[in-house]
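# Report on the structure
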Amino acid sequence: MRRLVWEFLNSKFEDKIIYRRVWDLADAVQEEFLTEKGDGVMLFTRYRSLKEIRTRVNSFLKKDIKSLFDVHEFDIEIYVLEWCRYKAIDVET
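Quantities reported herein were computed from a predicted structural model and do not represent experimental measurements. (Residues numbered from 1 in each chain as written. Predicted model: local features only at pLDDT ≥ 70, side-chain atom pairs only at ≥ 80, totals over all residues. Heavy atoms only, no water.)

Let us look at the environment of Glu36. Along the chain, the position of Glu36 falls in the loop between β2 (28-35) and β3 (40-47). Its relative accessible area of 39% is what places Glu36 among the partly exposed residues. With 13 residues separating them along the chain, Glu36 and Trp23 place their C-alpha atoms 18 Å apart. The contacts of Glu36, once residues within four sequence positions are left out, are Asp15, Lys16, Ile17 and Tyr19. At a separation of 2.7 Å, a polar atom in the side chain of Glu36 contacts the main-chain amide nitrogen of Ile17. (Helix = DSSP H or I, 4+ residues; strand = E, 2+ residues; numbered from the N terminus. Buried < 20%, exposed > 50% of the residue type's maximum accessible area, 1.4 Å probe, protein only. Contact = heavy atoms within 4.5 Å. Polar contact = N/O pair within 3.5 Å; in protein donor to acceptor, adjacent residues only side chain to side chain.)

In structure tokens form, the structure reads like this:
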């Protein structure tokens with residue numbers, strides 16, 4: 001299923017560059033993935049207490065994936081995060 005979701009993401013963002021910004025906050029580390037136009041793809045937050053992790057995939061993107069594939073919401077978040085980390089170019093914050 002991961003491969004199918006990645007193929008979908010590759011076709012959806014074929015001509016777009018994905019940027020990764022990392023925010024080192026007092027209580028958490030946030031990774032923000034954006035297109036060159038500033039459209040958010042995903043936001044990943046890992047709290048320093050290691051008790052909580054939050055993810056937020058763009059709602060339209062999540063809806064498209066759910067309509068095409070029989071995949072659980074948690075798996076969508078993991079697949080999109082892995083894809084974003086693989087494709088993204090780091091930028092300074």
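Turning to helix α2 (residues 59-68), a few remarks are in order. Among the residues of α2, those classed as buried are Leu61, Lys62 and Ile65. Down the axis of α2, the smallest arc covering the buried residues is 100 degrees, so these residues share one side. Exposed residues on α2 whose side chains face more than 90 degrees from its buried face are Ser59, Phe60, Lys63 and Ser67. If you follow the buried residues of α2, they end up packed against α1 (2-12), β3, β4 (53-57) and α3 (73-87). (Arc of directions from axis to C-beta.)

What follows covers the pattern of salt bridges. Going through the model one piece at a time under the given rule, you end up with 12 salt bridges. In this structure, the salt-bridge partner of Asp64 is Lys12, at a minimum N-O distance of 3.4 Å. Here Asp64, found in helix α2, pairs with Lys12, found in helix α1; they are 52 residues apart in sequence, far enough to count as distant. On the basis of relative accessibility, which here comes to 28%, the residue Asp64 falls in the partly exposed class. Residue class for Lys12 comes out partly exposed when judged on its relative accessible area of 38%. The residue Lys62 makes a salt bridge to Glu77 at a minimum N-O spacing of 3.4 Å. (Salt bridge = Lys/Arg side-chain N within 4 Å of Asp/Glu carboxyl O.)

On to unusual backbone geometry, then. Its identity is not glycine, yet Leu50 carries a phi of approximately 65 degrees, on the positive side. The residue Leu50 is located in the loop between β3 and β4 in this model.

The subject of this paragraph is the packing of α2 against α3. Between α2 and α3, the least distance of the axes is 11 Å, while the angle of their chain directions is 115 degrees. Between α2 and α3 the crossing geometry is right-handed. Packed against α2, whose contacting residues are Leu61, Lys62, Ile65 and Lys66, the element α3 presents Glu73, Ile76, Glu77 and Val80 at the interface. When its residues are assigned to classes, the contact of α2 with α3 shows 4 nonpolar, no polar and 4 charged. (Axes fitted to C-alpha atoms, helices over the stretch in contact; angles between N-to-C directions. Left-handed = near helix turned anticlockwise from the far one by under 90°. Nonpolar A, V, L, I, M, F, W, Y, C, P; charged D, E, K, R; others polar.)

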